[in-house]
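Read off the chains here:
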Amino acid sequence: MDVLFLAYANNPKNPLEHLLHENEEVYKSLSPGMRDQHYLIHREVYATPQNIAYHLIEFREQITFFSYSGHANQEALMLHEKTGYAEGIAMLLGRCPNLKGVFLNGCSTKAQVKKLQEEGVPLVIATSTSVNDKTAADVGISFYQALSEKNTLDEAFKAAKAVALSLKNNITFNFFRDVIS
C-alpha cells in the first residue's frame, strides 16, 4: 500500500509555534483516505536523521510522497536536535522507486531541488525564500486539505500557493517537475 511519509522537526532549542497545529490538521485532512485504505500515513513528529533514514530504507518500495515541515536552509533540514543534510536525504529518496513527490516546507529549500531531481525525484515543492512559521503551517494545511479532496498534486499546489499569496508576504513556493530551469 502507498505510504505518505510526513516528517516534522520541532527543534526544542528553536521551536516553531505552529508546527504541532500543522501536523494535527494535516493528519485530520488525510485520515479519511487512510481509513478508506487509499494509503497509509507515517508520521515522525520529532524527526531525526536516523529515523528518517531508517523509514526511507525500510519502506522504500511503498513510499509515494515525502513531506518535511520545520526549519531548513539551502543545504539541510534542521531535524530534532540534529541536522539532516540534503545530499544524503536526496540519495535516500532517490532509492524509493514509487516516490511521486517531495514537499519541503521550510525556509529557502529551493537549492535542494536540483539534487533531488538528479536522484530521480519527479516533483518537488520548495521555497525560494524564508517563510514564517504561521504561513508555512497554513500552506501545508491547505496543500493537504486540497490533496485529500482528490485534487491532483498540481491542483493541491495551486491551492496552497493561493493561500501563501493571500497572506501578502514575500514567500514564494515553487513547484518543480522533472528539470529545473
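These numbers come from a predicted model, not from an experiment. (Residues numbered from 1 in each chain as written. Predicted model: local features only at pLDDT ≥ 70, side-chain atom pairs only at ≥ 80, totals over all residues. Heavy atoms only, no water.)

1. Considering empty space enclosed by the protein
What counts, and what does not: Here a cavity means grid points, on a 1 Å grid over the protein atoms only, where a 1.4 Å probe fits yet cannot get out; a pocket means an open set of points with protein on both sides within 12 Å along at least five of seven lines; lining residues are those with an atom within 4 Å of a point. Grid points are joined across faces, edges and corners, and a volume is the space filled by probe spheres set on the points. Helix and strand assignments come from DSSP, with helices taken as H or I runs of at least 4 residues and strands as E runs of at least 2, each series counted from the N terminus.
The full count for this structure, using the stated rule, is one cavity of 30 Å³ or more. Space inside the largest cavity adds up to approximately 60 Å³. Considering the residues around the largest cavity, the lining is formed by F66, L77, A86, I89, A90, L93, V102, L104, Q112 and L116. Within the residue set of the lining of the largest cavity, elements represented by two or more residues are α3 (86-94) and β6 (101-105).

2. A word on the pattern of salt bridges
Between side chains of opposite charge, pairing is possible as soon as their charged atoms come close. Under the convention used in this document: In what follows, salt bridge is the name for a side-chain nitrogen of Lys or Arg lying within 4 Å of a carboxyl oxygen of Asp or Glu. Per-residue accessibility, obtained with a 1.4 Å probe over protein chains only, is compared with the maximum for each type, and a residue is labelled buried under 20%, exposed over 50%, and partly exposed between these values.
On inspection of all chains with the given rule, the structure shows six salt bridges. Notably, a salt bridge pairs K28 with E25, separated by 3.0 Å at the nearest N-O pair. Separated by three residues within a single helix, K28 and E25 lie in helix α1 (residues 19-35), roughly one turn from each other. For K28, a relative accessible area of 53% gives the class exposed.

3. Side note on the packing of helix α5 (residues 133-148) against helix α6 (residues 153-166)
Quick note on the threshold: Note on method: axes are straight lines fitted to C-alpha atoms, helices fitted across the in-contact stretch only, with angles between N-to-C directions ranging 0 to 180 degrees. Less than a right angle of anticlockwise turn of the near helix away from the far helix marks a crossing as left-handed, whereas a clockwise turn marks it as right-handed. Any pair of residues with heavy atoms lying within 4.5 Å of one another is described as a contacting pair. Note on residue classes: Ala, Val, Leu, Ile, Met, Phe, Trp, Tyr, Cys and Pro are nonpolar, Asp, Glu, Lys and Arg are charged, and everything else, Gly too, is polar.
It is the contact of α5 with α6, at a shortest axis distance of 8 Å, that shows an interaxial angle of 150°. In terms of crossing hand, the pair formed by α5 and α6 is right-handed. Where α5 approaches α6, its residues D138, V139, S142, F143, A146 and L147 are matched on the opposing element by L153, A156, F157, A159, A160, V163 and A164. Class assignment of the residues belonging to the contact of α5 with α6 gives a composition of eleven nonpolar, one polar and one charged.

4. Focus on the sheet that holds strand β3 (residues 63-70)
Note the threshold: A pair of strands counts as paired when DSSP detects no fewer than two bridges linking them.
Reading across from one edge, β2-β1-β3-β6-β7-β8 is the order of the six strands in this open sheet, with mixed pairing throughout. Edge positions in the open sheet fall to β2 (40-44) and β8 (173-177), since each of these has one partner strand only. Across the sheet, the axes of successive neighbouring strands diverge by a mean angle of 15°, strand direction being ignored. Note: strand β7 (residues 123-127) against β8, five bridges, orientation antiparallel. Following the sheet pairing, L123 is matched in β8 by R177.

5. Details of α1
One full turn of an α-helix is made of 3.6 residues, so residues set three or four places apart face in the same direction. Selection criterion: One fewer than the residue count of a helix, multiplied by 1.5 Å, yields its expected span.
Under the 1.5 Å per step criterion, the end-to-end length of α1 is 24 Å for 17 residues, consistent within 8% with the ideal 24 Å. All buried positions along α1 are accounted for by L19, E22, N23, V26, S29, L30 and G33. Looking at the buried side of α1, the elements it contacts are β1 (3-9), β2, β3, β6 and α5. Phi turns positive, to about 60°, at Q37, one or two residues after α1.

6. Quick look at the layout of surface pockets
Size it by volume and the largest pocket reaches roughly 440 Å³. Lining the largest pocket are 17 residues, with L4, H38, Y39, L147 and N151 positioned closest to its centre. Going through the elements one at a time, α1, β3 and α5 are the ones with two or more residues in the lining of the largest pocket. Top element by residues in the lining of the largest pocket is α1. It accounts for four residues. Looking at the lining of the largest pocket residue by residue, the class counts come to seven nonpolar, six polar and four charged.

7. Quick notes on unusual backbone geometry
Its identity as a non-glycine residue notwithstanding, E81 has a phi of 65°, on the positive side. At S108, a position not held by glycine, the phi torsion is positive, near 50°.

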